Amino acid sequence: MASRTDTNASKLTRLALLTALALTLNYLEGLMPPLFPGLPVKLGVANVAVLIALELLGYRYAALLQLTRCILGPLIGGSPVGALYSLSGGALSLLAMCALCALKQKRSASVSLFGVSVAGAYFHSLGQLLIGVALAGPAAMAYYTPMALLSVPAGLFVGLLAILAIRIEKVVS
Amino acid sequence: MRSILRSLRVGDAVVVVLALALALLPLFFTQAGERPIAVISVDGETIYRAPLSENAMVQAGSKNALMIRGGEISMIEAQCPDGLCLGMHAKKPGESVICLPNRIAAWVEGEGELDGVSY
């Protein structure tokens, strides 16, 4: 893949591909039956695309991807109000992931995409819950502990997928 | 697969432990305080629900006003034929202040000494 002399055009093209990937994963996941009936949680596989963008393209591209997917995802899924939830979750999770990625680049031995992904998953849940509390009242906090607990295995799994995807891409190109 | 496991870092463990700790944090707080709660309802519908320790003035319907102060609920204003409720106080879980003509009820919820109360 990409040499160090990446042009903007090639980055932009890959950003577009990753956005399409994120939206597709998001949509497919929406078709699946709920993992835990009664609990508004998803695996969050679309975050694979954001992790790949963070790793290969940088913060700005990852932020653009996150913004696009948080607005378009709920629209495709048919729930415009969902955009509020996903924007809030997406913003918090992006901030957390960028912070950890900065740490990762500074001292590469300190944290891997696993940690970045788990932090992203946790803060995504938190951001959505904040909107839930704002719209539905404090009772929504009842979801906090199960959602936050589940964000750990979900984040680890999504991180694993991202690491695998990045390896495969490096081998292929 | 082994090489992927080798990409795990100390920071990953820190993140996981932090997330788990933050997830379990609220449990410690809610278990510590089984504090009594003041509930006020009009016509069977709950209009107010908050810890008894919070002072508040609550307008219930158009004819009554209740005060929650010093861990006690009392009716401070009532336009009803008898005015019975004006002398009522609710302090402990299970106790209530009721204005029957205007269908207003206020009571204290929480861990009390009584298992149940029948009226």
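Values in this document were obtained by computation on a predicted structure and should not be read as measured data. (Residues numbered from 1 in each chain as written. Chains lettered and ligands numbered in written order. Predicted model: local features only at pLDDT ≥ 70, side-chain atom pairs only at ≥ 80, totals over all residues. Heavy atoms only, no water.)

Draft legend 1. Representation of the interface of chain B and chain A within the structure. Taken together, the contact between chain B and chain A spans 18 residues of the former and 21 residues of the latter. Overall, the association of chain B and chain A removes approximately 1,500 Å² of surface from exposure, summing both partners, and the carbon and sulfur fraction of that is 74%. In this assembly, chain B and chain A are joined by zero salt bridges. Our count for the contact surface shared by chain B and chain A stands at six residue pairs in polar contact (both at pLDDT 80 or more). Those elements giving two or more residues to the side of chain B that touches chain A turn out to be α1 (2-6) and α2 (10-32) of chain B. The element contributing the most residues to the side of chain B that touches chain A is α2(B), with 12 residues. Broken down by class, the residue content of the side of chain B that touches chain A amounts to 13 nonpolar, three polar and two charged. (Contact = heavy atoms within 4.5 Å. Buried area = accessible area lost by both parts, 1.4 Å probe. Salt bridge = Lys/Arg side-chain N within 4 Å of Asp/Glu carboxyl O. Polar contact = N/O pair within 3.5 Å; in protein donor to acceptor, adjacent residues only side chain to side chain. Helix = DSSP H or I, 4+ residues; strand = E, 2+ residues; numbered from the N terminus. Nonpolar A, V, L, I, M, F, W, Y, C, P; charged D, E, K, R; others polar.)

Draft legend 2. Quick look at the sheet that holds strand β7 (residues 96-99) of chain B. All names here are of chain B. An order of β2-β1-β8-β7 is seen for the four strands of this open sheet, with the pairing classed as antiparallel. The sheet is open, and its two borders are formed by β2 (45-51) and β7, each paired with just one other strand. Direction aside, the axes of adjacent strands within the sheet are offset by 15 degrees on average. Judged from the six bridges that link them, strand β1 (residues 37-42) and β2 form a sheet pairing that is antiparallel. Looking at β2, one finds that Val-42 is bridged to Glu-45. (Pairing = 2+ DSSP bridges. Axes fitted to C-alpha atoms, helices over the stretch in contact; angles between N-to-C directions.)

Draft legend 3. Looking closely at the pattern of salt bridges. Residues and elements named next belong to chain B. Counted by the stated rule, this structure contains four salt bridges over all chains. Note that Glu-109 is salt-bridged to Arg-49, the shortest N-O span being 2.8 Å. Here Glu-109 is found in strand β8 (residues 104-109), whereas its partner Arg-49 is found in strand β2, with 60 residues between them in sequence. Classification of Glu-109 as partly exposed rests on a relative accessible area of 28%. (Buried < 20%, exposed > 50% of the residue type's maximum accessible area, 1.4 Å probe, protein only.)

Draft legend 4. Seen up close, the packing of aromatic side chains. Applying the stated criterion across every chain, the model contains one aromatic pair over all chains. Considering the side-chain rings of Tyr122(A) and Phe123(A), the 5.2 Å spacing of their centres and the 90 degrees angle between planes classify their relative orientation as edge-to-face. (Phe/Tyr/Trp six-rings, centres within 6.5 Å; stacked < 30°, edge-to-face > 60°.)

Draft legend 5. Seen up close, the layout of surface pockets. Residue and element names in this part refer to chain A. The calculated volume of the largest pocket comes to roughly 1,400 Å³. Lining the largest pocket are 50 residues, with Pro-40, Val-41, Lys-42, His-124 and Gln-128 positioned closest to its centre. Those elements that provide at least two residues to the lining of the largest pocket are α1 (8-31), α3 (59-77), α4 (82-106), α5 (113-136) and α6 (144-172). Residue contributions to the lining of the largest pocket peak at nine residues, all from α5. Its residues assigned to classes, the lining of the largest pocket comprises 29 nonpolar, 18 polar and three charged. Each pocket or cavity is described by its volume, and for the second largest pocket that value is around 300 Å³. Elements supplying a minimum of two residues to the lining of the second largest pocket: α4 and α6. By residue number, the principal contributor to the lining of the second largest pocket is α6, which donates four residues. A class-by-class count of the residues in the lining of the second largest pocket yields four nonpolar, four polar and five charged. (1 Å grid on protein atoms, 1.4 Å probe; cavity = no way out; pocket = protein on both sides within 12 Å on 5 of 7 lines; lining within 4 Å. Points joined across faces, edges and corners; volume = space filled by probe spheres on them.)

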